[in-house]
Amino acid sequence: MADTLTLINWIILFGTSFFLLALSWSSFREKEIRAAVISLIFLILNTFFWSFFLTNSEVFQTFNVVIVSLTTILGLASFIKYFPGKPGKRDTSKAQQYDERDNMFARNNIKHYPELLETYYAMRPENRSIDQQIHNKPEFGEKDQVYHDPYTAPCYEAAFEYLEKSIPLSKGNVAEHKTPIDPVRFGKTIIDMSKFYGACDVSFLRLKPHHFYSHKGRHAKNWGDKTDSSHKTAIAIVVPMRVEMIKKGPTSSVLQESAQKYVEAAKISNIIAGYIRNFGYPARAHNDANYDTLCVPIAVESGFGELGRMGIFMHRVHGPCVRLAIVTTNLELPDSSLQKSLHMEEFCKICKKCADNCPSGSITHDDETYSRNFRHWSIQQEKCFSYWKTIGSDCGLCISVCPYTKPDTLFHKFVRFYISRNFLNQKIALFMDDLLYGRYKKIAKTNPENIFSA
Ligand code: SF4
Ligand code: SF4
């Protein structure tokens, strides 16, 4: 018995030491110094602890049996799938369409168009006062903003100008001759091509009415027009952002990263739409400031992620650290949505780290509420956007502190799997995340020395 226990002690000592050493090394490589140091301290304590049983196993045999049994039970229990009180699937069958004119970018833009201002506030008088305060704040790229940098601000401005000029590429002529296709092979090629150009995930989904905006709102020339909802299929394209850049939130690095990934997402979606049109089938790309569709519900319903407390899509690998684009077509492609729950939404219920860190108080600490006829999390977009205009950046602090915003290393793959098993694992993972990375993030007073350096 004593020999068996000693052997188990050795196995646990080696196993846990290897795990902690690997954690420390990988944290060091991720520049997470706090996590690296804490795991090293754990490694030392762990070695002393198990060595103690190894050298005193006769005296402490009973205690040793208890510790080994508990460790084994906890280890095995972590594989059991169990989520009590899990809410049912989100029912979007009666979801109302969202009007793009209510989006904060649209509401900010109409300050340049007096006739649109009057039309909008006649329709939404409750938004007039808060919008006036937001209109009075400096615009992105102006020097009064906290993270304004005179040399780099023109970069993201140029990127968004480029996006605006590329809008005509999202639509185009459809080849006159329709080439017959095998939908499965065609779909696979679209996925491969999108990944070749930089996407990390692509999915096909049947479009539903609530996937479309009711009216357009981003540009004065078609403000208030009904959106085109004639297409049947959505292709959701996910582009990962660099964790190292987003971790610099809320500084200007986040806005630069965000702009760069919007450019990438636009490029990929425009190419895919053009590719489909060349086969003789209508297709249209929906990318930054050029949407008929909402990206988030389409991406969430694809099952390649879930809806997070911060009201945005949480990808199954990169968490909220992604940008999205959509291509719609009237071609029928095989539905590739996943039905397996990742249990991210359960984790959001206990985590609340984004809500604790949001400098504008835009993220709720409460459960999901019902609006537009379905249950979902959404943020107070007026507060968030107002803060963006104060600082002159996308902020992204919520994304940066989210436990899912981690590089796709072996260790973080293991943690994502661990979190997806049961509620006890989630509590332990959250405790460890707070311990290793800190619960609260200090907001930088200035931009990093090199805004573009990851
Ligand atoms: S920080 Fe926590 S609560 Fe917020 S989205 Fe991420 S996992 Fe959910
Ligand atoms: S971007 Fe910043 S202000 Fe907006 S919700 Fe996230 S943390 Fe809050």
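In this text, all values refer to a predicted model and were calculated from it rather than measured experimentally.

Caption draft 1: Fine view of the overall build of the chain. In terms of regular secondary structure, the chain is built from 17 helices and eight strands. For 454 residues, the compact-globule estimate of 2.2 N^0.38 gives 22 Å, and the chain sits close to it at 25 Å. Each of the three principal axes of the chain carries a C-alpha extent, and together these read 85 × 55 × 40 Å. Per-residue burial for the chain yields a buried fraction of 37% across its 454 residues. Contacts in the chain between residues far apart in sequence, at least 24 positions, make up 79% of those at least 6 positions apart.

Caption draft 2: Region of the structure containing the site of ligand 1. Looking at ligand 1, there are 13 residues lining it, with Gly 308, Cys 348, Cys 351, Cys 354 and Cys 402 nearest. Here the element with the most residues in the shell around ligand 1 is helix H12 (residues 344–351); it accounts for three residues. A class-by-class count of the residues in the shell around ligand 1 yields nine nonpolar, one polar and three charged.

Caption draft 3: Representation of the site of ligand 2 in the model. Surrounding ligand 2, one finds 14 residues, the nearest of these being Cys 358, Cys 384, Cys 395, Leu 397 and Cys 398. The set of elements that each furnish at least two residues to the shell around ligand 2 consists of helix H14 (381–391) and helix H15 (397–401). Of the residues assigned to the shell around ligand 2, the class counts are 11 nonpolar, three polar and no charged.

Caption draft 4: Just the packing of helix H7 (residues 153–165) against helix H10 (residues 252–278), in detail. Closest axis-to-axis distance for the H7/H10 pair is 9 Å, and the angle between their directions is 20°. Considering their axes alone, H7 and H10 lie roughly parallel with respect to each other. Viewed along their axes, H7 and H10 form a crossing whose handedness is left-handed. Contacts between H7 and H10 involve Cys 155, Tyr 156, Ala 159, Phe 160, Tyr 162 and Leu 163 from the former and Leu 255, Gln 256, Ala 259, Gln 260, Tyr 262, Val 263 and Ala 266 from the latter. Split by residue class, the contact of H7 with H10 holds 11 nonpolar, two polar and no charged.

Caption draft 5: Seen up close, the domain arrangement of the chain. Domain assignment breaks the chain into domain 1 (2–77) and domain 2 (100–408). For domain 1 and domain 2, the distance between their C-alpha centroids amounts to 44 Å.

Caption draft 6: Structural view of the nonpolar core. The biggest cluster of nonpolar side chains holds 78 residues, and the ones touching the most others in it are Ile 235, Ala 236, Ile 237, Ala 299, Leu 324 and Ile 326. No other element matches H10, which puts 11 residues into this core. Residues contacting Ala 236, with those up to four places away along its chain left out, are Val 202, Ser 203, Leu 205, Ile 298, Ala 299, Ser 302, Leu 324 and Ile 326.

Caption draft 7: Local environment of the pairing of strand E1 (residues 201–206). Where burial is concerned, most of E1 is hidden: five out of the six residues are buried. Looking at chain direction, E1 and strand E2 (residues 233–240) are connected through six bridges and run antiparallel. Looking at the pairing, Asp 201 lines up with Val 238 of E2.

Caption draft 8: Spatial organisation of unusual backbone geometry. A cis geometry characterises the amide bond from Gly 249 onward to Pro 250, with omega recorded as 10°. Even without being a glycine, His 343 presents a positive backbone phi close to 65°. Position of His 343 relative to the elements: it lies in the loop between strand E6 (322–329) and H12. Look at His 343 and you get partly exposed, because 19 C-beta atoms sit within 10 Å. The residue Cys 395 is not glycine, and still its phi comes out positive at about 65°.

Caption draft 9: Up close: the pairing of strand E3 (residues 283–286). Here E3 shows no split at all, with Ala 283 and Ala 285 on one side and Arg 284 and His 286 on the other all buried. The sheet contact formed by E3 and E6 spans four bridges and is antiparallel. Bridged to Ala 285 within E6 is Val 327.

What counts as what
- Residues numbered from 1 in each chain as written.
- Chains lettered and ligands numbered in written order.
- Predicted model: local features only at pLDDT ≥ 70, side-chain atom pairs only at ≥ 80, totals over all residues.
- Helix = DSSP H or I, 4+ residues; strand = E, 2+ residues; numbered from the N terminus.
- Rg over C-alpha atoms; globule rule 2.2 N^0.38 Å.
- Buried ≥ 20, exposed ≤ 12 C-beta atoms within 10 Å, placed from the backbone.
- Contact = placed C-beta atoms within 7 Å.
- Near = placed C-beta within 6 Å.
- Nonpolar A, V, L, I, M, F, W, Y, C, P; charged D, E, K, R; others polar.
- Axes fitted to C-alpha atoms, helices over the stretch in contact; angles between N-to-C directions.
- Parallel < 35°, antiparallel > 145°, perpendicular 65-115°, else oblique.
- Left-handed = near helix turned anticlockwise from the far one by under 90°.
- Domains from an automatic or database assignment.
- Core = buried A, V, L, I, M, F, W, Y, C linked by C-beta atoms within 7 Å.
- Pairing = 2+ DSSP bridges.

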